[in-house]
Amino acid sequence: MSRMGDVLAGFHAAWEFESDSVLIRYERGIRTPKLFQALGERRVPLDAIAGVTLTRGKRGTVVLRVEPRPGADPLMEAAAGQLKDSGDPYRLVLPADREVLAEYYADELRSLLTESGPAERFLVEPPKGPLSFKAYDGKASFDGRTVNFRWFWTGASSAKWKAGDQSFSVGELNGVEWRSPEVFEGHLRLLRRDESGAGAAAQADQDPAAVVFGLGYGPVHESLPFAAAVLAAVRTSSPVAAVSAAGPRRDPADIAERIRHLGELHQAGLVTDEEFSVKKAELLAEL
């Protein structure tokens, strides 16, 4: 840019233009989209940008937008085009009387862009961990190395209870599938390297490698950064052996509650005698 450190402030965000990047700082406030607040700030290298547009917005505004290169940003890769315009972190909405200034910065940015086409690796930093969120049927957590799903007895299907809580090393994974909670059947599914395709074809509420969303569960500002962080970790990892089924010792009260629920499923005919005995033995072995 002509002057390093120039700042262009708009609604909900301010862009600081530097010689090799654009630093986007999102405001915190009741009217600021929750996804922006969750992101805080993002540094977008110029080589992660494919183009710049300036268009007329609604109600006397103009919109300055940078177009990230495909494959450059894990957040946008995970979103897969499902974000609404109001939740697009690459849009800066400005009053119409700042159109001339916005056009100046758009031209300056365009003059500095040298890359195009898909990026070979992620160039924008993923959201920082550890991360967690509550889905409808369980709690998902990620510490940078392992994704854990812990099922809720009030929402998880019998198939997930039979399978038990799940842990996935990023080395076991091939990617993630995020379906926005703002559409029907939203979910986060982990795609495993050794998956034959049958798992991905299963309904998310029956797949132990997926958590499902619902009203108030898995909101965009929590589940999308989570999916992006996992995707970024997967892309930079190498395959490793599957994690052991033996995990840390569990809270006895938690084990007792799970056995009680397992007994309810057994009495309701949703779990066979053999399945009940095997799963009960597995739970007791975790004490």
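Refer to the structure printed above.
Residues numbered from 1 in each chain as written. Predicted model: local features only at pLDDT ≥ 70, side-chain atom pairs only at ≥ 80, totals over all residues. Heavy atoms only, no water.

Q: Which parts of the structure should I look at to understand the sheet that holds strand β5 (residues 49-56)?
A: Sheet strands pair by backbone hydrogen bonding; their relative direction is either parallel or antiparallel. Here we have three strands laid out as an open sheet, ordered β5-β6-β7, and antiparallel in their pairing. The sheet terminates laterally at β5 and β7 (91-95), the two strands that pair on one side only. On average, adjacent strands in this sheet sit at an angle of 15° to one another, irrespective of strand direction. Packed on one face of the sheet, helix α3 (residues 99-112) meets β5, β6 (61-68) and β7 and runs near 165° to β5. (Pairing = 2+ DSSP bridges. Helix = DSSP H or I, 4+ residues; strand = E, 2+ residues; numbered from the N terminus. Axes fitted to C-alpha atoms, helices over the stretch in contact; angles between N-to-C directions. Contact = heavy atoms within 4.5 Å.)

Q: Please clarify how the layout of surface pockets should be interpreted in this entry.
A: Summary: where empty space remains is shown by rolling a probe the size of a single water molecule over the atoms. Empty space within the second largest pocket amounts to approximately 510 Å³. Arg59, Thr61, Ser86, Arg91 and Val93 are, among the 15 residues lining the second largest pocket, the residues nearest its centre. Mapped by element, the contributors of at least two residues to the lining of the second largest pocket are β6 and β7. Its residues placed into classes, the lining of the second largest pocket shows five nonpolar, four polar and six charged. (1 Å grid on protein atoms, 1.4 Å probe; cavity = no way out; pocket = protein on both sides within 12 Å on 5 of 7 lines; lining within 4 Å. Points joined across faces, edges and corners; volume = space filled by probe spheres on them. Nonpolar A, V, L, I, M, F, W, Y, C, P; charged D, E, K, R; others polar.)

Q: I would appreciate a short explanation of the sheet that holds strand β3 (residues 21-26) in the present structure.
A: Within the open sheet, the four strands sit side by side as β1-β2-β3-β4. Their pairing is antiparallel. Two strands bound the open sheet, and with one partner strand each, they are β1 (6-9) and β4 (41-45). Strand-to-strand twist across the sheet, computed as the mean angle between neighbouring axes with direction ignored, equals 20°. In terms of strand pairing, β3 meets β4 through five bridges, oriented antiparallel. Within the sheet, the bridge partner assigned to leucine 23 lies in β4 and is arginine 43.

Q: Teacher, can you tell me more about the packing of aromatic side chains here?
A: Aromatic ring pairs are reported here in terms of the distance separating the ring centres and the angle at which the planes meet. Tallying each qualifying case throughout the model produces 10 aromatic pairs. Judged by centre distance (5.1 Å) and plane angle (70°), the rings of tyrosine 104 and tyrosine 105 are edge-to-face. Residue classification places tyrosine 104 among the partly exposed residues on the basis of a relative accessible area of 31%. Taking relative accessible area as the criterion, tyrosine 105 reaches 5% and is therefore assigned buried. (Phe/Tyr/Trp six-rings, centres within 6.5 Å; stacked < 30°, edge-to-face > 60°. Buried < 20%, exposed > 50% of the residue type's maximum accessible area, 1.4 Å probe, protein only.)

Q: Just to check I follow, could you spell out the side chain of threonine 146 for this structure?
A: Within the fold, threonine 146 resides in strand β10 (residues 146-151). In this structure threonine 146 touches Ser141, Ser167, Phe168 and Ser169, once residues within four positions along its chain are discounted.

Q: What's the story with the environment of alanine 256 in this structure? I'm lost.
A: By the element assignment, alanine 256 lies in helix α7 (residues 252-267). Under the relative-accessibility criterion, alanine 256 is labelled partly exposed at 45%.

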